[in-house]
Amino acid sequence: MPALVLLGAQWGDEGKGKATDLLGGSVDYVVRYQGGNNAGHTVVVGDQKYALHLLPSGILTPECTPVIGNGVVVDPSVLLSELSGLNERGVDTSKLLISGNAHIITPYNVTVDKVTERFLGKRKIGTTGRGIGPTYADKINRVGIRVQDLYDESILTQKVEAALDVKNQILTKLYNRRAIAVEQVVEELLAYADKLAPYVADTVLVLNQALDDDKVVLFEGGQGTLLDIDHGTYPFVTSSNPTAGGACTGAGVGPTKISRVIGILKAYTTRVGAGPFPTELFDEDGEALRRIGGERGVTTGRDRRCGWFDAVIARYATRVNGLTDFFLTKLDVLTGWEQIPVCVAYEIDGRRVEELPYSQTDFHHAKPVYEMLPGWSEDISKAKSFSDLPKNAQAYVKALEDMSGAPISAIGVGPGRDETIEINSFI
Ligand code: GDP
Ligand code: IMO
Ligand code: MG
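Calculation rules
Residues numbered from 1 in each chain as written. Chains lettered and ligands numbered in written order. Predicted model: local features only at pLDDT ≥ 70, side-chain atom pairs only at ≥ 80, totals over all residues. Heavy atoms only, no water. Near = heavy atom within 4 Å. Polar contact = N/O pair within 3.5 Å; in protein donor to acceptor, adjacent residues only side chain to side chain. Areas by Shrake-Rupley, 256 points an atom, 1.4 Å probe, with all protein chains shown as cover. Patch = residues over 30% accessible without salt bridge, like charges linked within 9 Å, V, L, I, M, F, W, Y side chains within 5 Å. Salt bridge = Lys/Arg side-chain N within 4 Å of Asp/Glu carboxyl O. Lys, Arg positive; Asp, Glu negative; His and termini not counted. Charge placed at Lys NZ, Arg CZ, Asp CG, Glu CD. Helix = DSSP H or I, 4+ residues; strand = E, 2+ residues; numbered from the N terminus. Buried < 20%, exposed > 50% of the residue type's maximum accessible area, 1.4 Å probe, protein only. Nonpolar A, V, L, I, M, F, W, Y, C, P; charged D, E, K, R; others polar. Donors = N, O, S within 2.8 Å, 3.2 Å for Na, K, Ca; no water. Core = buried A, V, L, I, M, F, W, Y, C linked by side-chain atoms within 4.5 Å. Contact = heavy atoms within 4.5 Å.

Trainee: Give me the lowdown on the site of ligand 2, citing residues and values where you can.
Mentor: Near ligand 2, the surroundings consist of 20 residues, among which K16, H41, T128, Q223 and T238 are the closest. Between ligand 2 and V272, the relevant distance is 3.1 Å, taken from an oxygen atom to a main-chain nitrogen or oxygen of the residue. One nitrogen or oxygen atom from the side chain of R302 is found 2.9 Å from an oxygen atom belonging to ligand 2. Within the complex, the protein chains bury 97% of what would otherwise be the 550 Å² of accessible surface of ligand 2.

This is how it looks when you write it as structure tokens:
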């Protein structure tokens, strides 16, 4: 069994942390391949709840080696506090590996993120303010700072100088902010070098050797398909590739090594931040989904926007990721509705459209076409097999599977590890 990818099929927060943690017991490596601490992955083990931002969810499984790949952007202060927070709770984090090629989120990237959003005003993206976009921008502009740069003071200083050259002009002349001193940034970054040193590794080599040795490697996506910089609802997206191809570039593993791509799919839809969302609800039902589903951001504490399930988006996720399976989460949240609307197509300027339109203007005009499915009132949180589910819940799952284009191989009926119905085994 070679490599598997597990990723968000909607706009993030689908339950990737729980799903990764669940599979963690059967895999040797769990790898983050993109994004940074904009992610907030919740894992519930027994009565303990963990919120992970930068660390792969495999960190909670002792047998598993957690890896931060080259495609991730790393804020060293966040990483070190996440590690010490876990250590204080008795989690051993000593196996962690961090790619020397991963880019560093510097303090000025965080400043630029916040200032840019303020400057955009009404047109803002609603970013997490963690410096993600500006750090990827520096990477693409070839003025980024990498983890390995912390180990060569002269190179680090030259690179910080190059990065701040233009940024200080923008900060002072355009945004009316104070210039950032090169020495101060270099000093702060050098202070992290020794603390990170035990973890820094050639992760591309490690992962490829592991695959050659038939070890099981799981790639854990951050964010989701519709937040992808290429395939998402641009410009209301994050600045990396959460889609399956991102696992190859973000970890240095060839596509021939990946045998399975699992899309994590919420039984309804949520979104944080700005941007189009055809099935969004502004009524009692939206409030109820938010309340019952606990839909509040793990990273920023913002309320998540809530809406009904959108099969057009699920089909799109199947296509752009080559999904082999879905893991349907939070089915329990839908208990109690008499009828559950599911969006099967869009109406755009009077036309019925079955697939996600590539045009941003069309997508902004898309109105959901709903099919009503009968609901159920029985508590499903103790269900262990598909046949334990009430008939209408079974029919809801089957309908979603038919509309979405890939088999639903697991169903979440609660936040805990064991609150899962496994239909087809993943490994
Ligand atoms: P991620 O970013 O994709 O890892 O998802 P988040 O952790 O941000 O949000 C998912 C939330 O749903 C978390 O609070 C999970 O504990 C919770 N969760 C995951 N799966 C289920 C499920 O099947 N049922 C319920 N009720 N909660 C779930
Ligand atoms: P997980 O991994 C949901 C959203 C932000 C904003 C947009 C860009 O927990 O699913 P960024 O800070 O990345 O530049 O913000 O992306 N966003 C997320 N939404 N879940 C996430 O992560 C997200 N990470 C970023 O709200 O709309
Ligand atoms: Mg999240």
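Trainee: Account for a positive patch on the surface, naming residues and giving values.
Mentor: Together, K114, R118, R177 and R178 make up a positively charged patch on the protein surface. Tracing the chain through its elements places R177 in the loop between α5 (153-174) and α6 (182-196). With relative accessibility at 35%, the residue R177 sits in the partly exposed group.

Trainee: Go over the site of ligand 1 with me, naming the residues and quoting the values.
Mentor: In the region of ligand 1, 19 residues are neighbours, and K16, G17, G40, T42 and D332 sit closest. D332 places a polar side-chain atom, nitrogen or oxygen, 2.7 Å from a nitrogen atom of ligand 1. When residues of the shell around ligand 1 are traced back to their parent elements, those giving at least two are α1 (16-24) and β3 (41-45). Counting residues per element, the shell around ligand 1 draws most heavily on α1, which supplies three residues. Classifying every residue of the shell around ligand 1 gives four nonpolar, eight polar and seven charged.

Trainee: I'd love a proper account of the coordination of the magnesium ion (ligand 3), names of residues and values included.
Mentor: Within the protein, D13 (OD) and G40 (O) serve as the donor atoms for the magnesium ion (ligand 3), at 2.0 to 2.1 Å. Within this pair, whereas D13 is found in the loop between β1 (3-8) and α1, its partner G40 is found in the loop between β2 (29-32) and β3, the two being separated by 27 residues in sequence.

Trainee: Pulling in residues and values, what's your account of the nonpolar core?
Mentor: By size, the foremost hydrophobic cluster in this structure holds 60 residues, and its most contacted members are F219, L289, L331, L334 and Y396. Ranked by the residues each element gives to this core, the list is headed by helix α12 (residues 391-404), at six residues. Excluding its chain neighbours within four sequence positions, the residues that come into contact with L334 are A267, Y268, L289, W308, I340, W376 and Y396. Residues L79, V91, I98 and I180 belong to the second largest nonpolar core, which totals 39 residues.

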